[in-house]
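# Fold and contact review
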Amino acid sequence: ATWVGGFVPSALNDVQIDHVVSINGDREAKNVTVSATGSLFINANTHSLHVHGDFTNEATADKVVLRGNSSQFSSIIVEGTATGAIRFRRHVNVSPLNDLISPPVSISSFADFYDDNNEFFVEDPASDKVLFGPFNNISGVYENYLYTDGIALTQGKGYRAATNTNPVDENGDAIDPAQALNFHGVIETGNVNVPITVGAGSPWNLIGNPYSSYLNFKAFFDVLIGADGAGAGNQLDPMYTAIYAYNASVDGSSIWTTWDANNLDYATDN
């Protein structure tokens, strides 16, 4: 009843959002514009917005927010062009546990990303480094970034991260643990190519989903292994033709969950 015309928009309808809209299901529209007075929140539990045309955010990034928890994430899919930044709140485990994550939007500088989240990072008291960085397969170790590093966070690349168990505000007063890092950036709508290399220290590569939405596993894996899954078209090591997903909730040898063509829900897994 709040919509002009008295009906919920469909894939054929253009939408302009001038007030606060929260999405608690799967919604779609043709072109979507969030005006300077509007706000759009896509909540966790795999709720989504599918934009069949263009998406434009004329407000600030914190007026378009995607939320998630440890196992379920919200999604926005844009088939056309995306203009204006959004905020994706990405759940990250509390130290001493950690997660392996990938930026769901473009981030041009880690230093800017740190400034957005500085109270939630785990910091090394002996240096200016924080617990966030990529896996270096040349040295075979996880790196930690300096909080001043201006290096861009590469979409499709994986990073190890953890949040602070006792974050404080600028006055030193305790605040609730975040367990989420804020990623401010533009929605990726094109192809993302991630180089896979055999390093001197390790043959493994840490990669991740570069999009602000779920990625169909079969569509991705079929490209990696080629038509026959075993011949020259297979880009993976034939001894390890799988993707090994990190499961931060368990400890020991089973922390790596193997995903391959033998998955029972191969066609529908995300």
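So, how was this worked out
- Residues numbered from 1 in each chain as written.
- Predicted model: local features only at pLDDT ≥ 70, side-chain atom pairs only at ≥ 80, totals over all residues.
- Heavy atoms only, no water.
- Helix = DSSP H or I, 4+ residues; strand = E, 2+ residues; numbered from the N terminus.
- Phe/Tyr/Trp six-rings, centres within 6.5 Å; stacked < 30°, edge-to-face > 60°.
- Buried < 20%, exposed > 50% of the residue type's maximum accessible area, 1.4 Å probe, protein only.
- Pairing = 2+ DSSP bridges.
- Axes fitted to C-alpha atoms, helices over the stretch in contact; angles between N-to-C directions.
- Contact = heavy atoms within 4.5 Å.
- Salt bridge = Lys/Arg side-chain N within 4 Å of Asp/Glu carboxyl O.
- Core = buried A, V, L, I, M, F, W, Y, C linked by side-chain atoms within 4.5 Å.

## Quick word on unusual backbone geometry
Cis geometry is adopted by the peptide bond preceding Pro96, which originates at Ser95 and carries an omega value of 15°. Inspection of the secondary structure puts Pro96 in the loop between β11 (86–91) and β12 (99–101). Its identity is not glycine, yet Thr46 carries a phi of approximately 60°, on the positive side. Considering the arrangement of structural elements, one finds Thr46 in the loop between β5 (39–42) and β6 (48–51).

## Some points on the packing of aromatic side chains
For the structure on display, the rule yields 21 aromatic pairs. Relative to Tyr147, the ring of Tyr114 lies with its centre 5.3 Å away and its plane at 45°, an arrangement referred to as tilted. With Tyr114 in helix α1 (residues 110–117) and Tyr147 in the loop between β14 (141–142) and β15 (159–161), this pair connects stretches of sequence that are 33 residues apart. The class of Tyr147 is partly exposed, set by a relative accessible area of 32%. Measuring from centroid to centroid gives 6.0 Å for Phe217 and Tyr266, while their planes differ by 75°, and the two rings are edge-to-face. Separated by 49 residues along the polypeptide, Phe217 in helix α2 (residues 217–225) and Tyr266 in the segment after β18 (256–259) bring together distant segments of the chain. When its relative accessible area of 5% is taken as the criterion, Phe217 is described as buried.

## A look at the sheet that holds β11
Taken together, the five strands give an open sheet; going across it, the order is β2-β5-β8-β11-β16, and neighbouring strands pair in mixed fashion. The sheet terminates laterally at β2 (20–23) and β16 (180–185), the two strands that pair on one side only. Adjacent strand axes in the sheet meet at a mean angle of 15°, parallel and antiparallel pairs treated alike. In this sheet, β16 lies alongside β11 in antiparallel orientation, the contact comprising six bridges. Residue Ile86 lies in a different strand from β16, and its bridge partner there is Gly185.

## Focus on the environment of Val15
One can find Val15 in strand β1 (residues 15–17). Setting aside chain neighbours within four positions, we find Val15 in contact with Trp3, Pro9, Ala29, Asn31, Val32 and Thr33.

## Observations concerning the pattern of salt bridges
Close approach of charged atoms allows side chains with opposite charge to pair. By the definition in use, this model includes one salt bridge. Where Asp222 meets Lys218, a salt bridge forms, and the shortest distance between an N and an O atom there is 2.7 Å. Placement of the pair is Asp222 and Lys218 together in helix α2, with a separation of four residues, close to one helical turn. For Asp222, a relative accessible area of 28% corresponds to the partly exposed category.

## Some thoughts on the nonpolar core
Counting 37 residues, the largest nonpolar core has Leu40, Phe55, Ile76, Phe110, Phe113, Phe132 and Leu181 as the members making the most contacts within it. Tallying contributions element by element places α1 first for this core, with three residues. Ranked by size, the runner-up nonpolar core spans six residues in total, among them Phe217, Phe221, Leu224 and Leu236.

Spatial relationships are all this shows, so hold off on functional conclusions.
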